[in-house]
Amino acid sequence: MIFESLNEKFQDIFAGLRRKGKLSETDIKAVSREIRLALLEADVNFKVVKQFTKAVSERALGEDVLKSLTPGQQFIKIVHNEMVSLLGGEIEKMDVDSSQTNIFLMVGLQGTGKTTTTGKIANLLRKEKKLSPLLVACDVYRPAAVEQLKILGKELEIPVFEMGTEADPREIAQKALDFAKQNHHDLVIVDTAGRLQIDQSLMTELNDIKDLIQPTEVLLVVDGMTGQESVNVAKEFDDLLDITGVVLTKLDGDTRGGAAMSIAYTTGKSIRFIGTGEKLSDIELFYPDRMASRILGMGDVLSLIDRAQSSIDEEKAKALEAKLRTQDFDFNDFLDQLEQLKEMGSMTELLEMMPGINKKALKGMDFSEDYLVKSEAIIQSMTMEERAKPHLINGSRRKRIATGSGTTVSDINRLMKNFEQSKKMLKQMTNTTKAKKGRFKLPFM
Ligand SMILES: Nc1nc2c(ncn2[C@@H]2O[C@H](COP(=O)(O)OP(=O)(O)OP(=O)(O)O)[C@@H](O)[C@H]2O)c(=O)[nH]1
Ligand SMILES: [Mg+2]
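Residues numbered from 1 in each chain as written. Chains lettered and ligands numbered in written order. Predicted model: local features only at pLDDT ≥ 70, side-chain atom pairs only at ≥ 80, totals over all residues. Heavy atoms only, no water.

**Student:** Quick rundown of the environment of L202? Include the residues and the values.
**Tutor:** Within the element layout of this structure, L202 appears in helix 8 (residues 200-213). According to the relative accessible area criterion, L202 is buried, its value standing at 1%. For L202, the residues in contact, after removing those within four places along its chain, are A193 and R195. (Helix = DSSP H or I, 4+ residues; strand = E, 2+ residues; numbered from the N terminus. Buried < 20%, exposed > 50% of the residue type's maximum accessible area, 1.4 Å probe, protein only. Contact = heavy atoms within 4.5 Å.)

**Student:** Any chance you could break down the confidence of the model for the protein for me, citing the residues and the numbers?
**Tutor:** Mean pLDDT for the protein: 83, with 80% of residues reaching 70 or above. Segment residues 432-445: pLDDT under 50, and 27 contacts once partners within four positions in sequence are set aside and those in other chains are kept. (pLDDT = per-residue confidence, 0-100.)

**Student:** How would you explain the environment of V79 if you had to name every residue and give the values?
**Tutor:** Among the secondary structure elements, V79 is positioned in helix 4 (residues 71-86). As a C-alpha pair, V79 and A55 span 24 residues in sequence and 9.0 Å in three-dimensional space. When residues no more than four places from it in sequence are discounted, the contact partners of V79 are F10, F14, I35, F52, V56 and L296.

**Student:** Quick rundown of the site of ligand 1? Include the residues and the values.
**Tutor:** Near ligand 1 you find 19 residues, and of these G113, K114, T115, T116 and D252 are the closest. The side chain of R142 places a nitrogen or oxygen atom 3.1 Å from an oxygen atom of ligand 1. Between a nitrogen atom of ligand 1 and a side-chain N or O atom of D252, the distance comes to 2.7 Å. Compared with its free state, where it exposes 660 Å², ligand 1 has 82% of that area covered by protein. If one sorts the elements of the shell around ligand 1 by residue count, helix 5 (residues 114-129) sits on top with four residues. Along the lines of polarity and charge, the residues of the shell around ligand 1 split into no nonpolar, twelve polar and seven charged. (Near = heavy atom within 4 Å. Polar contact = N/O pair within 3.5 Å; in protein donor to acceptor, adjacent residues only side chain to side chain. Areas by Shrake-Rupley, 256 points an atom, 1.4 Å probe, with all protein chains shown as cover. Nonpolar A, V, L, I, M, F, W, Y, C, P; charged D, E, K, R; others polar.)

**Student:** With reference to specific residues and values, describe the sheet that holds strand 5 (residues 217-223).
**Tutor:** Taken in spatial order, the eight strands make up an open sheet running 3-2-4-1-5-6-7-8, and their pairing is mixed. Across the chains shown, the open sheet's two edge strands, defined by having one partner strand only, are strand 3 (160-161) and strand 8 (283-285). Relative to strand 3, strand 2 (residues 133-137) runs parallel, the two sharing two bridges. Within strand 3, the position partnered with L135 by the bridge is V160. Contacts from helix 9 (residues 229-241) reach strand 1 (102-107) and strand 5, with the element oriented near 160 degrees to strand 5. (Pairing = 2+ DSSP bridges. Axes fitted to C-alpha atoms, helices over the stretch in contact; angles between N-to-C directions.)

**Student:** Describe the pattern of salt bridges, and please don't skip the residues or the numbers.
**Tutor:** For the coordinates displayed, the defined rule picks out 18 salt bridges. The partner of R397 in a salt bridge is E386, with the nearest N and O atoms 2.9 Å apart. Note that R397 is positioned in helix 19 (residues 395-405) and E386 in helix 18 (residues 384-388), a separation of eleven residues in sequence. Exposure remark for R397: the relative accessible area of 26% places this residue in the partly exposed category. Bridged by salt links that share partners, the residues E147, K150 and E162 form one connected network. (Salt bridge = Lys/Arg side-chain N within 4 Å of Asp/Glu carboxyl O.)

**Student:** Could you give me a rundown of helix 3 (residues 46-62), with the residues and numbers involved?
**Tutor:** Along its 17 residues, helix 3 runs 24 Å from first to last C-alpha, staying within 8% of the 24 Å computed at 1.5 Å per residue. Of all the positions in helix 3, only V48, V49, F52, T53, A55, V56, S57 and A60 are classed as buried. Where helix 3 is buried, its residues meet helix 2 (25-41), helix 4 and helix 10 (258-267). (Expected span 1.5 Å × (residues − 1).)

**Student:** Go over the packing of aromatic side chains with me, naming the residues and quoting the values.
**Tutor:** The final tally for this structure, using the stated rule, is three aromatic pairs. Ring centres of F10 and F14 lie 5.6 Å apart, and the angle between their planes is 45 degrees; on these two criteria the pair is classed as tilted. A residue pair is termed a helical-turn pair when its members lie 3 or 4 positions apart in one helix, as F10 and F14 do in helix 1 (residues 4-19) at four residues. The burial state of F10 is the same as that of F14; both residues are buried. With a centroid separation of 5.5 Å and 50 degrees between ring planes, the pair formed by F161 and F179 is classed as tilted. In this pair, F161 sits in strand 3 while F179 sits in helix 7 (residues 169-182), placing the two residues 18 residues apart along the sequence. Accessibility expressed as a relative area gives 13% for F161, which makes it buried. The partly exposed category is assigned to F179, whose relative accessible area is 30%. One Lys or Arg, R195, reaches over the ring of Y141 and ends 5.1 Å from the middle of that ring. (Phe/Tyr/Trp six-rings, centres within 6.5 Å; stacked < 30°, edge-to-face > 60°. Lys NZ or Arg CZ within 6 Å of the ring centre and 35° of its normal.)

Next comes the structure, spelled out in structure tokens:
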């Protein structure tokens, strides 16, 4: 998951805080130090870390956290608030809607994910904002770049405007805009060439295109795996091109990711989207408050519900939310969930977004597509009584169920174990969240 090691550290730090009844000034200093180390280790820019921990401890000492009845929770709330502003909480929101022609200019160094992200954003905003996208192939330098965009367009069934590799990118961008107006495309995304380093001729070209097409967003695509260097690159691009926002890609990678977290703060520009994988659906709109909750291990129920709502209808999402809260959880519920979760995406990913779930408990649990299909078959071979009373399922019943579902007894054993583990996790979650007006609410919020 994204920012995994940072998330684990914050969970440990907060668990320590929650155990304490009262906090002293020394405690606060000690925790601030732990936070500082965790952030530095995650590769967050040191200036940002300094600013962050200073703000946290000043507010903690200033806001009578020490005298509060729940000092640990008050403190966590302060960390959360500071994390939201670190990630760009107060920065202007992106203005995308069908009342205007939305024009996005994608820029960035070579291989950061511009072309892929061009397709991903078009796909996402077509779905979420009901926009009619057009992709524009302005990378005429790399052989096959135009072809790459055309393949993406074909896969997504989104038109691509191109003039081959002989035309000037300025002319292509201009003509694409005319084409978009004639054909009522209200989202035009212009893919441009990347360079290994920032160079004058590329910047001139990008500035020319920008002047010509007056984009509503100039999005800098940044590879989340590049570390501190990405902060400098972002600053330079911003100075030369005045970007409006950033897309962080490859956050699914096995990285510390902290550098990326510093970008909003150091450029003062917001992160608009994050790329979380190679598939065209692996993109999310970025919300500082939701991301802060995820990094701090408070779960991300809003994103979870968004996911539920975009793949199943609202009624079903509500029912699912209620199901997730029920204490009494049998194989009928499990089956029901497996079926719904199959539509929603990776179960592990979903579980990670839930508050109060211990991330370490997820390790080693298998929720692959194959596993889901097999599990369904197994549960369908159980009697109604067995589904409602899982403890009845003894050795001889396991043999019968295995034969009935075309699986093995060890498959059944594995499923039983996963079922018990899920049940435990759901209980754990119910204990840490209180439902209010159908929304999860964290105890300290
Ligand atoms: N894992 C992962 N891979 C990504 C993500 N975004 C892009 N990639 C991969 O990164 C590689 C480069 O992506 P491109 O979209 O071609 O990058 P680009 O910036 O257009 O590259 P140039 O046009 O050569 O400058 C591809 O293999 C993509 O699949 C992401 O969010 N996660
Ligand atoms: Mg490209």
